[in-house]
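Inside the fold
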Amino acid sequence: MGSVSDPGELTELAQPSFEEFQKQTSLMTSCTLLWKELSDHFTTLEENLMKKSEALKEMIGALDSQTQSSLESLKRREATIERSVEIVAGKVGERARAALESLEKARGGGDDGGGGGEVDDEEGLLSTLKSLCLKMDARGFWSFVTARKKELEGLRSQIPAALVDCVDPAMLVLEAISEVFPVDKRGSGEKMTNDFGWACVVILESLAPVMVDPVIGKTRLLVTPSVKEKAKEIAETWKASLEERGRVENVKTPDVHTFLQHLVTFGIVKSEDLGLYRKLVVGSAWRKQMPKLAVLVGLGDQMPDMIEELISRGQQLDAVHFTYEVGLVDKFPPVPLLKAYLRDAKKTVAEDPSNTGRASHLVARKEQSALKAVLKCIEEYKLEEEFPPENLKKRLEQLEKTKTEKRKPAAVPANKRTRASYNGPMPPAKAGRITNAYVSSFPFIRSPSHSPQYASPAAAYPSPPTTVYSNRSPPYPYSPELIPASYQASPIGYPAYNGYCNGPVPVPAPAPQVYHPHYPQQHHQHAHHQQAYY
């Protein structure tokens, strides 16, 4: 039998292998964790790549679809060019013939005078406008339109129909408005008295549907390159003149409206000028057409920020109109905005409840205007259920009633010019201003604290033998007057001054007595009110 090994020796030999096993185990655990981490990382990368790949595929598909749509649109536009040109050429021929006929008629004396004659109805208005358009009379066309601001609605409906008969409507419009746009060429006095921004806007709005392609529509405007280039130059000139107009913040709203409508009508909006367009729109946001113009000049994506800016500026009512134009009613509910607008209108009253005089009147007018605007907005957007207008109408009626009561003439108390007795004489308004007139001869009631008490009965003036009237005095018969006995004096005369009595002056005994007519009570009351006013 072989010898048995020592157990202690086996233990010493086995110890190193166990330590090695622990090392290997630890290494395997580390590798497993690292593998799992790497595996997760690569899985995430793969998922991200798949997502990006799907997004790229969608973008490529959208671009392909857009490219295909653009190509089809180009093919359609190319195919319709001939038809559009034929239509326009036919219209130009008709307009040229009509213009020649109009000129021949004018040479023969059959013309009605163009814009100088009176227009009684819409038919006559259209006839005159067509005559001016056929002759390409830009100055006459401008004069005719600007002279008829009261017929604004008729002009809006008839100008587009008249421009259709024009040989070159775009050029006619540019020449017509050139007197005031882009730079007002009139004198300073006429600039102050007549603002023709409304006429520019009406004419430019009327031109827009006339330049639309008859086949494709609004996507293509029928304007020649030379006219479009001139329109761009006009826009650049207007922008360059902003410094003279007082910068963007101080430019007049009619000028802003004309400029933006000019851009939209001729399709010359620039993306690099969107910042300028936004400032102009926000500065003139109260204008009714501004929300629509803001969308047409490319500010649709900036509308949420613009609405928030209007709210921060206290223009909640304007913000409501912008909200409905772009369909952001859910994000900007209109009722809270309208209530905030009314609160701001009343804020001045709350800050100073003791406001009197003109300040109080202006505050009441501001609140009244705010109520009318809110009521109109509620009616326009059908908000009666969310914001019942009954209380607003009651408040408006209350303000109007207060305004009416303030206009009523107040009762005038008795003053120095009131007669002591109903039969006593009344001096004229200017009697106290004459140096030689002693007004103390007349019994006046001065004031409750200074008026003397007259206990003696009244005695009549002695009736004069003759009555002499001034040439300019009204033919009223003279009647005796009563005067308190304590104030009887020698007979006095009333010298004539423009037909009215100037005041009592002493008259020598031998001189004839002159008596002016005694005016009715209403004349004295008029003189009394005049004296009290001044």
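Predicted, not measured: the structure shown is a model, and the values here were computed from it.

Nonpolar side chains in soluble globular proteins tend to be buried together. Membership of the largest hydrophobic core comes to 88 residues, with the highest contact counts inside it found for Phe141, Leu260, Phe266 and Phe322. Considering each element in turn, this core owes the most residues, eight residues, to helix H7 (residues 197–210). When near neighbours in sequence (up to four residues on either side) are disregarded, Leu260 contacts Tyr277, Val281, Met290, Leu293 and Val297.

So, on to the pattern of salt bridges. For side chains of opposite charge, pairing can occur when their charged atoms come near one another. Across all of its chains, the model carries nine salt bridges by this definition. With a closest N to O distance of 2.8 Å, Arg186 and Asp184 form a salt bridge. Residue class for Arg186 comes out buried when judged on its relative accessible area of 9%. The partner of Arg278 in a salt bridge is Glu309, and the shortest N-O contact between them spans 3.2 Å. Separated by 31 residues along the polypeptide, Arg278 in helix H11 (residues 274–283) and Glu309 in helix H13 (residues 303–312) bring together distant segments of the chain. Classification of Arg278 as partly exposed rests on a relative accessible area of 22%. Residue classification places Glu309 among the partly exposed positions, given a relative accessible area of 26%. Residues joined by salt bridges that share partners form a network here, namely Glu236, Lys239, Lys270 and Asp273.

The probe, sized like a water molecule, is rolled over the atoms to show the empty space still left. If you add up the space inside the largest pocket, you get close to 1000 Å³. Taken together, 34 residues make up the lining of the largest pocket; nearest its centre are Lys288, Gln289, Lys292, Leu293 and Glu325. Those elements that provide at least two residues to the lining of the largest pocket are H7, strand S2 (217–221), helix H10 (253–266), helix H12 (290–296), helix H14 (316–326) and helix H16 (357–380). The element that contributes the greatest number of residues to the lining of the largest pocket is H14, accounting for six residues.

Below, the discussion takes up the packing of H13 against H14. The contact between H13 and H14 brings their axes to 8 Å, and the two run at 165°. Classed by the angle they form, the pair H13 and H14 counts as roughly antiparallel. Crossing hand, H13 versus H14: left-handed. In this structure, H13 contributes Met303, Met306, Ile307, Leu310 and Ile311 to the contact, and H14 contributes Gln316, Asp318, Ala319, Phe322, Thr323 and Val326. Residues belonging to the contact of H13 with H14 are distributed by class as follows: eight nonpolar, two polar and one charged.

In this section: a negative patch on the surface. Taken together, the side chains of Glu379, Glu380, Glu384, Glu385, Glu386 and Glu390 make up a negatively charged region of the molecular surface. Here Glu384 lies in the loop between H16 and helix H17 (390–407).

Now for empty space enclosed by the protein. Scanning the model with the defined rule gives one cavity of 30 Å³ or more in all. Volume-wise, the largest cavity comes out at about 60 Å³. Residue assignment for the lining of the largest cavity shows that the elements contributing at least two residues are helix H8 (225–240) and H10. The element contributing the most residues to the lining of the largest cavity is H8, with four residues. The class makeup of the residues in the lining of the largest cavity is five nonpolar, no polar and five charged.

Quick notes on the rules
- Residues numbered from 1 in each chain as written.
- Predicted model: local features only at pLDDT ≥ 70, side-chain atom pairs only at ≥ 80, totals over all residues.
- Heavy atoms only, no water.
- Core = buried A, V, L, I, M, F, W, Y, C linked by side-chain atoms within 4.5 Å.
- Buried < 20%, exposed > 50% of the residue type's maximum accessible area, 1.4 Å probe, protein only.
- Helix = DSSP H or I, 4+ residues; strand = E, 2+ residues; numbered from the N terminus.
- Contact = heavy atoms within 4.5 Å.
- Salt bridge = Lys/Arg side-chain N within 4 Å of Asp/Glu carboxyl O.
- 1 Å grid on protein atoms, 1.4 Å probe; cavity = no way out; pocket = protein on both sides within 12 Å on 5 of 7 lines; lining within 4 Å.
- Points joined across faces, edges and corners; volume = space filled by probe spheres on them.
- Axes fitted to C-alpha atoms, helices over the stretch in contact; angles between N-to-C directions.
- Parallel < 35°, antiparallel > 145°, perpendicular 65-115°, else oblique.
- Left-handed = near helix turned anticlockwise from the far one by under 90°.
- Nonpolar A, V, L, I, M, F, W, Y, C, P; charged D, E, K, R; others polar.
- Patch = residues over 30% accessible without salt bridge, like charges linked within 9 Å, V, L, I, M, F, W, Y side chains within 5 Å.
- Areas by Shrake-Rupley, 256 points an atom, 1.4 Å probe, with all protein chains shown as cover.
- Lys, Arg positive; Asp, Glu negative; His and termini not counted.
- Charge placed at Lys NZ, Arg CZ, Asp CG, Glu CD.

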